[in-house]
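These are the residues of each chain, in order.
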Amino acid sequence: GRRLMLTRDVTAIELAEAMRRDFVANVSHEIRSPLTVISGFIETLQTLELSAEERAHFLALMQQQAQRMQNLVSDLLLLSRLEGSPPPDESECVAVADWVSEALTQAQALSNVLHGGSQTLSVVAGPPRLVVGARSELLSALGNLLSNAVRYAGAQGHIDVGWQERADGGLEVWVRDDGPGIAPEHLPRLTERFYRVDRSRSRESGGTGLGLAIVKHVIQRHGGELLIDSVVGQGSTFRLTLPPARIRPAASAEP
Ligand code: ADP
């Protein structure tokens, strides 16, 4: 009954409510700032006599802000889909080599756009295995880790992605970069929605602040964990672990 409700339950409800309000405030802010920029540019285009070159410049900036809102909306939709659906069953699987190479192809494309081909991306292949899980979710988890590495490692960055067996018979897929690294005080909060170490750096490179929250969600749904090691000035390693129950020898893929 009501009178038996414990203080800690009340506290938990209040905490959940506070987190919800915080989230809505964050989302509103994330939508409002690109909108403000776009409105400002529209006004500029309407009131100033601009050369064709200047117009093109402003339109490109507007396009960038629109893209930012698109990224935000797709990340929000993905998160809410993940929260509302049961963990992936046994109906789908992916060869880890395909998973890695598909994610790497996307990351290479992003790296070319952002850094013009000066970064090095390479694969350190591990044993052939199948992962039982949702292909598109796994791809977006690894894709997020790789795009972070590309975005934060800098133009001369080296990025490696690979996989290996774990002592428990599970698998880990890792992404390593030699970028700026992350100070230890940030690590515990890194997977919180909208938590960023450097806000402007994240935004400039198209970040929504939701990437690692998505990664953590996806990997936990598969029974695994996201582990982060980082040393400031040296770089970061992000590991996705998968439990033995989700790993099969790759040969079972043959019909
Ligand atoms: P964002 O869209 O801001 O990149 P994420 O959730 O993917 O959001 O990451 C949260 C924050 O963690 C980033 O804003 C950045 O400060 C930090 N971060 C993530 N990956 C790296 C990395 N490889 N190197 C340095 N910092 C990183």
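Residues numbered from 1 in each chain as written. Predicted model: local features only at pLDDT ≥ 70, side-chain atom pairs only at ≥ 80, totals over all residues. Heavy atoms only, no water.

A. Spotlight on the sheet that holds strand E5 (residues 171-177). The strand order E2-E4-E5-E7-E6 describes an open sheet built from 5 strands, whose pairing is mixed. Unpaired on one side and paired on the other, strand E2 (120-124) and strand E6 (226-231) mark the two borders of the sheet. In this sheet, adjacent strand axes meet at a mean angle of 15° when their direction is disregarded. In this structure, E6 lies alongside strand E7 (residues 235-242), joined through 6 bridges in antiparallel fashion. Bridging from a neighbouring strand, Asp 229 pairs with Thr 237 of E7. (Pairing = 2+ DSSP bridges. Helix = DSSP H or I, 4+ residues; strand = E, 2+ residues; numbered from the N terminus. Axes fitted to C-alpha atoms, helices over the stretch in contact; angles between N-to-C directions.)

B. Looking closely at the packing of helix H3 (residues 96-115) against helix H4 (residues 135-152). Two numbers describe how H3 lies on H4: the axes approach to 9 Å, and their chain directions differ by 35°. Handedness of the H3/H4 crossing: right-handed. Contacts from Asp 98, Trp 99, Val 100, Glu 102, Ala 103, Leu 104, Gln 106, Ala 107, Leu 110, Ser 111, Leu 114 and His 115 in H3 reach Arg 135, Leu 138, Leu 139, Leu 142, Gly 143, Leu 146, Ser 147, Val 150 and Arg 151 in H4. Residue classes in the contact of H3 with H4 are distributed as 12 nonpolar, 5 polar and 4 charged. (Left-handed = near helix turned anticlockwise from the far one by under 90°. Contact = heavy atoms within 4.5 Å. Nonpolar A, V, L, I, M, F, W, Y, C, P; charged D, E, K, R; others polar.)

C. Here's a closer look at empty space enclosed by the protein. Scanning all chains against the criterion turns up 2 cavities of 30 Å³ or more. Roughly 40 Å³ of volume is contained in the largest cavity. Lining the largest cavity are Glu 30, Pro 34, Arg 68, Met 69, Leu 72, Gly 207 and Thr 208. Those elements that place two or more of their residues in the lining of the largest cavity are helix H1 (7-47) and helix H2 (52-84). Element by element, the count of residues in the lining of the largest cavity is highest for H2, at 3 residues. Each residue belonging to the lining of the largest cavity can be placed in one class, and the counts come to 3 nonpolar, 2 polar and 2 charged. If you go around the second largest cavity, the residues you meet are Val 94, Asp 98, Trp 99, Glu 102, Arg 135 and Leu 139. At the level of secondary structure, the elements contributing two or more residues to the lining of the second largest cavity comprise H3 and H4. Partitioned by chemical class, the residues of the lining of the second largest cavity number 3 nonpolar, no polar and 3 charged. (1 Å grid on protein atoms, 1.4 Å probe; cavity = no way out; pocket = protein on both sides within 12 Å on 5 of 7 lines; lining within 4 Å. Points joined across faces, edges and corners; volume = space filled by probe spheres on them.)

D. How the structure looks around the site of the ligand. Lining the immediate surroundings of the ligand are 20 residues, of which Tyr 152, Asp 177, Ser 202, Gly 209 and Leu 212 lie closest. Note that a nitrogen atom of the ligand is positioned 2.9 Å from one of the side-chain N or O atoms of Asp 177. The backbone of Gly 209 places a nitrogen or oxygen atom 2.8 Å from an oxygen atom of the ligand. Against a free-state accessible area of 530 Å², the protein chains account for coverage of 97% of the ligand. (Near = heavy atom within 4 Å. Polar contact = N/O pair within 3.5 Å; in protein donor to acceptor, adjacent residues only side chain to side chain. Areas by Shrake-Rupley, 256 points an atom, 1.4 Å probe, with all protein chains shown as cover.)

E. The pattern of salt bridges, seen in detail. Counted under the stated rule, the structure contains 15 salt bridges. Arg 193 is the salt-bridge partner of Glu 83, the closest N and O atoms lying 2.3 Å from each other. Taken together, the positions of Glu 83 in helix H2 and Arg 193 in the loop between E5 and helix H5 (199-204) put the pair 110 residues apart, joining distant regions of the chain. Arg 193 gets classed as partly exposed once you look at its relative accessible area, which sits at 27%. Salt-bridge contacts for Glu 102 lead to Arg 135; the nearest nitrogen and oxygen are separated by 2.9 Å. Of the two residues, Glu 102 is situated in helix H3 and Arg 135 in helix H4; the sequence distance between them amounts to 33 residues. By relative accessible area, which is 32% here, Glu 102 ends up partly exposed. For Arg 135, a relative accessible area of 33% gives the class partly exposed. Each of Glu 30, Arg 196, Arg 199 and Arg 203 takes part in salt bridges that share partners, so that together they form one network. (Salt bridge = Lys/Arg side-chain N within 4 Å of Asp/Glu carboxyl O. Buried < 20%, exposed > 50% of the residue type's maximum accessible area, 1.4 Å probe, protein only.)

F. Structural view of the nonpolar core. In terms of nonpolar packing, the biggest core is built from 45 residues, with Trp 99, Val 131, Leu 142, Leu 226 and Leu 240 touching the most fellow members. Within the residue set of this core, elements represented by two or more residues are H2, H3, H4, strand E4 (158-165), E5, helix H6 (211-221), E6 and E7. Residue contributions to this core peak at 8 residues, all from H4. Among residues more than four places away in sequence, those in contact with Val 131 are Glu 92, Cys 93, Val 94, Val 96, Trp 99, Leu 138, Leu 171, Leu 242, Arg 246 and Ile 247. By size, the runner-up hydrophobic cluster in this structure holds 7 residues, among which are Phe 41, Leu 45, Met 62 and Met 69. (Core = buried A, V, L, I, M, F, W, Y, C linked by side-chain atoms within 4.5 Å.)

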